[in-house]
Amino acid sequence: MSDEDRHFESKADAGASKTFPQQAGTVRKNGHIVIKGRPCKVVEVSTSKTGKHGHAKCHFIGIDIFSGKKVEDIVPSSHNCDIPHVNRTDYQLIDISEDGFVSLLTESGNTKDDLRLPTDDALLTQIKTGFAEGKDLIVTVMSAMGEEQICALKDIGPK
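These numbers come from a predicted model, not from an experiment. (Residues numbered from 1 in each chain as written. Predicted model: local features only at pLDDT ≥ 70, side-chain atom pairs only at ≥ 80, totals over all residues. Heavy atoms only, no water.)

Draft legend 1. Spatial organisation of the sheet that holds strand β3 (residues 38–47). Taking strand neighbours across the sheet as the criterion, the four strands line up as β2-β3-β4-β5 in an open arrangement whose pairing is antiparallel. Both edges of this open sheet fall to β2 (32–35) and β5 (70–76), since each of them pairs with a single strand only. Strand-to-strand twist across the sheet, computed as the mean angle between neighbouring axes with direction ignored, equals 45 degrees. (Pairing = 2+ DSSP bridges. Helix = DSSP H or I, 4+ residues; strand = E, 2+ residues; numbered from the N terminus. Axes fitted to C-alpha atoms, helices over the stretch in contact; angles between N-to-C directions.)

Draft legend 2. The environment of Leu117, seen in detail. Turning to its location among the elements, Leu117 is positioned in the loop between β9 (111–116) and α1 (121–132). Overall, Leu117 belongs to the buried group, its relative accessible area being 14%. A C-alpha to C-alpha distance of 8.0 Å links Leu117 and Gln149, two positions 32 residues apart in sequence. Every residue in contact with Leu117, bar those within four places of it in the chain, is listed here: Ile96, Gly100, Val102, Leu124, Ile127 and Lys128. (Buried < 20%, exposed > 50% of the residue type's maximum accessible area, 1.4 Å probe, protein only. Contact = heavy atoms within 4.5 Å.)

Draft legend 3. Representation of the side chain of Thr106 within the structure. Turning to its location among the elements, Thr106 is positioned in the loop between β8 (101–105) and β9. Not counting the four nearest positions on each side in its chain, Thr106 is found in contact with Tyr91 and Lys112.

Draft legend 4. Layout of the pairing of β9. Pairing between β8 and β9: four bridges, direction antiparallel. Of the residues in β9, the one forming a bridge with Phe101 is Arg116. Remark: five residues form the turn of the hairpin made by β8 and β9, two consecutive strands paired antiparallel; Gly109 in that turn has positive phi of roughly 95 degrees.

Draft legend 5. Broad picture of α1. Helix length check: α1, at 12 residues, gives a terminal C-alpha distance of 16 Å against a target of 16 Å (1.5 Å per residue), a fit within 8%. Here α1 has its buried residues at Leu123, Leu124, Ile127 and Gly130. The buried side chains of α1 occupy one side of the element, clustering within an arc of 145 degrees when seen end-on. Counted as exposed and oriented over 90 degrees from the buried face of α1: Asp121 and Ala132. (Expected span 1.5 Å × (residues − 1). Arc of directions from axis to C-beta.)

Draft legend 6. A look at the pattern of salt bridges. Going through the model one piece at a time under the given rule, you end up with seven salt bridges. A salt bridge links Glu133 to Lys135; the nearest nitrogen and oxygen atoms lie 3.2 Å apart. On the basis of relative accessible area, Glu133 is assigned to the exposed category, the value being 55%. The partly exposed category is assigned to Lys135, whose relative accessible area is 30%. (Salt bridge = Lys/Arg side-chain N within 4 Å of Asp/Glu carboxyl O.)

Draft legend 7. Up close: unusual backbone geometry. Non-glycine residue Asn30 carries a positive phi angle of around 70 degrees. Here Asn30 lies in the loop between β1 (19–23) and β2. The class of Asn30 is exposed, set by a relative accessible area of 51%.

Draft legend 8. How the structure looks around the layout of surface pockets. Roughly 150 Å³ of internal volume is contained in the largest pocket. Listed by contribution, the elements that provide at least two residues to the lining of the largest pocket are β4 (57–64) and β7 (86–96). In terms of residue class, the lining of the largest pocket is built from four nonpolar, one polar and three charged. Per-domain counts for the lining of the largest pocket show at least three residues from each of domain 1 (19–84) and domain 2 (86–155). (1 Å grid on protein atoms, 1.4 Å probe; cavity = no way out; pocket = protein on both sides within 12 Å on 5 of 7 lines; lining within 4 Å. Points joined across faces, edges and corners; volume = space filled by probe spheres on them. Nonpolar A, V, L, I, M, F, W, Y, C, P; charged D, E, K, R; others polar. Domains from an automatic or database assignment.)

What follows is the structure, encoded as structure tokens:
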């Protein structure tokens, strides 16, 4: 069998993990944590004392960074929990299409056309009115665990 006969059909990425492990006792308020498979921002952490079964427990209350839903989890403080890699990137808004997608300009000069308008009504109206007025808008895109969403808007003046 020669080298030309081998074809691998793989849909895998480069292998970079979407999360990293961290001891539950070291996760703090305003940090991020994966609860029920969703990336969340920690809004409250409380730690209970060790009971007769040995482990101190951390009670996390988080808000899903994409949907805004409140979720809770209890993890032994000595155990590892998943922490998502959360990135924020600024892009310049070029266009809003009829079907609800935005066209964004990256720093390298390419366009990014795979993002929908945000579901948050206040942010959505800010983006639409600012774009209709012809302002130069910079949108902040938050990405974690393979998901991306517009989370903030900056006005840098008229075009």
